[in-house]
Amino acid sequence: MRTASRAVLTSAALAGALLLASGCSGGEESREKKVPKAATGTVEQLAAKAKCKPDMQIDAEELRQGICKTGKSKFILATFKTNQGQQNWLSEAQNYGGSYLVGPKWVAVGDTTSLGTLRGRLGGQVEKSNAHGGAHGGGGSHGGGDTHENGEPHKSGDSH
C-alpha cells in the first residue's frame, strides 16, 4: 500500500511540475471538433492513438505513467488499475491547478492546446482546476474553483 500511495504522490508532483513548467496555461481551447468516444487501454495503447511513444516514468501495479512528446507538445499519460486510484490521483494533482483530460481509468496532463489535440484523438472530458500549489485550500477531488471545460463548477465553493 505504501508503494502505491508514494506512486500517486510522485505522479501528482510530476504532473504539477509539468503544469508549472508550461506556465499553467490558461489559454482558450481551440474550437470544438467532433470528439470521439473516450479511448481505453494501456499507456502504450493510448500513446499510439495520441501518435507518440511514451517515456515510462512509473510502472507500478496501481499506476502506470509516461511522458509523451509530439511536435512542440509535451504531456503526461497516466493509467490506473481502479477508478478510485484515478480519483485519488486527480485529488492530489488538481491542487497544482491546470487542465486534465480525463477518460476511463486514464488521465492526460498538459497545456490547454495539447489537451485539445489529444481530446480529438482520445476523447475524454477536460477538467480545469484554478488552484496553484494547494495554496487556495481547494483540496478534495473537486475542491473550490474546479470547473468542467464549459466553465461550470464541479461544486459550489470559492471561485478564484
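Details of the structure are given in the entry above.
About the thresholds
- Residues numbered from 1 in each chain as written.
- Predicted model: local features only at pLDDT ≥ 70, side-chain atom pairs only at ≥ 80, totals over all residues.
- Heavy atoms only, no water.
- Disulfide = S-S within 2.5 Å.
- Helix = DSSP H or I, 4+ residues; strand = E, 2+ residues; numbered from the N terminus.
- Buried < 20%, exposed > 50% of the residue type's maximum accessible area, 1.4 Å probe, protein only.
- Core = buried A, V, L, I, M, F, W, Y, C linked by side-chain atoms within 4.5 Å.
- Contact = heavy atoms within 4.5 Å.
- Polar contact = N/O pair within 3.5 Å; in protein donor to acceptor, adjacent residues only side chain to side chain.
- Phe/Tyr/Trp six-rings, centres within 6.5 Å; stacked < 30°, edge-to-face > 60°.

1. Quick notes on the state of the cysteines
- Applying the stated criterion across every chain, the model contains one disulfide.
- Two residues share a disulfide in this structure: C52 and C68, whose sulfurs sit 2.2 Å from each other. Between C52 and C68, the disulfide has an S-S torsion of 60 degrees and is therefore right-handed. Of the two residues, C52 is situated in the loop between α2 (43-50) and β1 (55-59) and C68 in strand β2 (residues 63-70); the sequence distance between them amounts to 16 residues.
- For C52, a relative accessible area of 13% corresponds to the buried category.

2. Re the nonpolar core
- Within the largest apolar cluster, 16 residues are counted, with the highest numbers of intra-cluster contacts made by F75, L77, L101, A108, L118 and L122.
- At the level of elements, α2, β3 (73-80), β5 (106-110) and α4 (112-122) are the ones that each hand at least two residues to this core.
- Counting residues per element, this core draws most heavily on α2, at four residues.
- For A108, the contacting residues outside a window of four places in its chain are I76, L77, S99, Y100, L101, L115 and L118.
- Counting twelve residues, the second largest nonpolar core, distinct from the first, contains F80, Y100, V102 and V107.

3. Some remarks on the environment of D55
- One can find D55 in strand β1.
- Between the C-alpha atoms of D55 and L77, which are 22 residues apart in sequence, the distance is 9.8 Å.
- Excluding residues that lie within four positions of it along the chain, D55 makes contacts with Q65, G66 and I67.
- Reaching out from D55, the side chain makes a polar contact with the side chain of Q57 at a distance of 3.2 Å.

4. Points about the packing of aromatic side chains
- This structure, assessed with the given rule, holds two aromatic pairs.
- Ring centres of W89 and Y100 lie 6.2 Å apart, and the angle between their planes is 90 degrees; on these two criteria the pair is classed as edge-to-face. Taken together, the residues W89 in helix α3 (residues 83-93) and Y100 in strand β4 (residues 98-103) connect sequence positions eleven residues apart.
- In this structure an aromatic cluster arises from ring pairing among F80, W89 and Y100.

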